[in-house]
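Chain and residue survey
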Amino acid sequence: MQDSPPSGPLVVGVDVGGTKTHLRALVGDVIVADHVRSSAGWRPHDRAAAARRLTDLVREALPEGARPAALAVGAHACETPRQCAEIRDALRLSLGVPARVVGDAELLVPAAGLDRGVGLVAGTGSVAVGRLPGGDPVQVGGWGAVLGDEGGAAGLVREAARAVWAAHDRGEEPGALALGLLAAFGVPEVPALGAALEGATDVSAEWGRHAPAVFAAAAEGSALARSVIAEAGAALAALVARLAARGVPVDDVVVAGGTVLGQPALYEAFAAALADAVPGARPRPLTVPPVEGAVALARSLL
C-alpha cells in the first residue's frame with residue numbers, strides 16, 4: 001500500500017542571500033521542494049525585476065501544478081520597509097497569494113524558533129536587525145565595506161590594512177599580519193596595499209576573500225591581528241547595543257554568517273564584548289538554514 005501524499009496548505013520560504021538563494025516548500029512537515037541557486041543578478045531596488053525573479057523561481061522549483069498558499073521572502077539588500085513592501089505587493093499580483101518580504105537578516109529570529117530578538121549577520125558584511133515592541137523594524141549597520149561592515153570579512157581586511165599601514169608609519173618591520181596581507185593581495189611591500197585595495201571592482205567580495213589571512217596571522221601569534229579581531233568583535237557587539245538603545249528587545253541575539261560562525265576567534269571576541277556592552281543579552285549561533293525563518297513567516301500568513 002502506498003503512502004498517501006501529504007495534505008494541507010503549501011507554504012514557501014525563500015532566503016535570497018548575498019551569494020545564494022535558497023527556496024524551501026513544505027506541506028505540513030514534509031518538504032516538497034528544496035532548491036538552491038546563485039543570487040547573481042538579484043536587483044532588489046528594481047521591484048518589478050525582483051518580483052519577476054522570485055515568481056520564476058517559485059514556478060520552476062515547485063512540482064508541476066503546485067500552488068503555494070503563502071510565500072515569505074528574506075531579501076538581501078532590501079533595506080527599508082517601503083522597499084520590501086513594494087516587492088511584496090508586486091509578488092502578490094504576480095502569484096496571487098499572500099506574501100511577506102523582509103530583509104534577509106530578519107529570517108534569523110524566526111529560524112531560531114523565537115518570536116522576538118536580534119538577528120546579527122557577519123559574513124562578507126555585517127548587519128543587525130530587530131523590532132520595536134510595536135512591531136516596527138530597526139536595522140543598524142550594513143553600510144558596505146567602504147564605510148562600515150565592521151566585523152564582516154571585508155571590514156576585517158580593511159581594518160587589518162589600516163593597522164598594517166599604521167605599523168609601517170611607526171617604522172616597524174612587517175610582521176605576520178603584514179606579510180599575510182602582502183601574500184594575499186600579491187603585492188611586494190606595505191605601501192602597495194593601498195592600490196591593491198582601491199583597485200577592487202567588487203570591494204566587498206574582493207576584500208572579504210582575504211579575511212583568512214587575518215585569522216592565520218592571529219593564529220601565528222600576531223598581536224596586531226588579534227587586536228583587529230578583538231575590535232571587530234566589539235564592533236559587532238556595538239550593533240546590538242545600538243538596537244538596545246533604540247528600544248529593541250535584545251535578550252536573544254541570533255548569530256549567523258560564515259565569518260563569525262566559521263572563525264571561533266571572532267565569535268569569542270564578539271561574545272565577550274557583548275557581555276560587557278549589553279549585560280543579559282544571550283548570543284545564540286543559528287544551527288539551521290535561515291530559510292527556515294522564511295518558512296515560519298509564510299506559515300504565519302495562513
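Scope of this entry: the structure provided in the associated data block.

The rules behind the values
Residues numbered from 1 in each chain as written. Predicted model: local features only at pLDDT ≥ 70, side-chain atom pairs only at ≥ 80, totals over all residues. Heavy atoms only, no water. Axes fitted to C-alpha atoms, helices over the stretch in contact; angles between N-to-C directions. Helix = DSSP H or I, 4+ residues; strand = E, 2+ residues; numbered from the N terminus. Parallel < 35°, antiparallel > 145°, perpendicular 65-115°, else oblique. Left-handed = near helix turned anticlockwise from the far one by under 90°. Contact = heavy atoms within 4.5 Å. Nonpolar A, V, L, I, M, F, W, Y, C, P; charged D, E, K, R; others polar. Pairing = 2+ DSSP bridges. Polar contact = N/O pair within 3.5 Å; in protein donor to acceptor, adjacent residues only side chain to side chain. Salt bridge = Lys/Arg side-chain N within 4 Å of Asp/Glu carboxyl O. Buried < 20%, exposed > 50% of the residue type's maximum accessible area, 1.4 Å probe, protein only.

Here's the deal with the packing of helix 8 (residues 211-219) against helix 9 (residues 223-245)
Interaxial distance between helix 8 and helix 9 falls to 7 Å at its minimum, and their mutual angle equals 125 degrees. Judged on the interaxial angle alone, helix 9 and helix 8 are oblique. In this structure, helix 8 crosses over helix 9, and the sense of that crossing is left-handed. Taken together, the residues of helix 9 that come into contact with helix 8 (itself represented by Val214, Phe215, Ala217 and Ala218) are Ala225, Arg226, Val228 and Ile229. Residues of the contact of helix 8 with helix 9, tallied by class, amount to 7 nonpolar, no polar and 1 charged.

Structural notes on the sheet that holds strand 2 (residues 20-27)
Sheet strands associate in pairs through backbone hydrogen bonding, adopting either a parallel or an antiparallel arrangement. In space, the 5 strands of this open sheet follow the order 3-2-1-4-5, with mixed pairing throughout. Pairing within the sheet leaves two strands with one partner each, and these edge strands are strand 3 (30-38) and strand 5 (99-103). Each strand of the sheet is rotated relative to its neighbour by a mean of 10 degrees, with strand direction disregarded. Strand contacts of helix 1 (residues 47-61): strand 1 (10-16), strand 2, strand 3 and strand 4 (70-75), with the helix running at about 130 degrees to strand 3, the strand carrying the most contacts. Packed on one face of the sheet, helix 2 (residues 81-95) meets strand 4 and strand 5 and runs near 150 degrees to strand 5.

Brief notes about the side chain of threonine 21
Looking at the element boundaries, threonine 21 is found in strand 2. Within the local environment of threonine 21, its side chain forms a polar contact with the side chain of serine 39, the two groups lying 2.8 Å apart. Sequence-distant contacts of threonine 21, that is, excluding residues within four places in its chain, are made with Val14, Asp15, Val16, His35, Val36, Arg37, Ser38, Ser39 and Leu57.

Describing the pattern of salt bridges
Any two side chains of opposite charge can pair, given that their charged atoms come close. All told, the structure shown has 14 salt bridges when counted by the stated rule. The residue glutamate 292 makes a salt bridge to arginine 24 at a minimum N-O spacing of 2.5 Å. Taken together, the residues glutamate 292 in helix 12 (residues 291-299) and arginine 24 in strand 2 connect sequence positions 268 residues apart. Using a relative accessible area of 11% as the deciding quantity, one classes arginine 24 as buried. Here aspartate 46 ties to arginine 43 by a salt bridge, and the two come within 3.5 Å at their closest N and O atoms. With a relative accessible area of 31%, aspartate 46 lands in the partly exposed category. Overlapping salt bridges bring together Arg24, Asp34 and Glu292 as one network.

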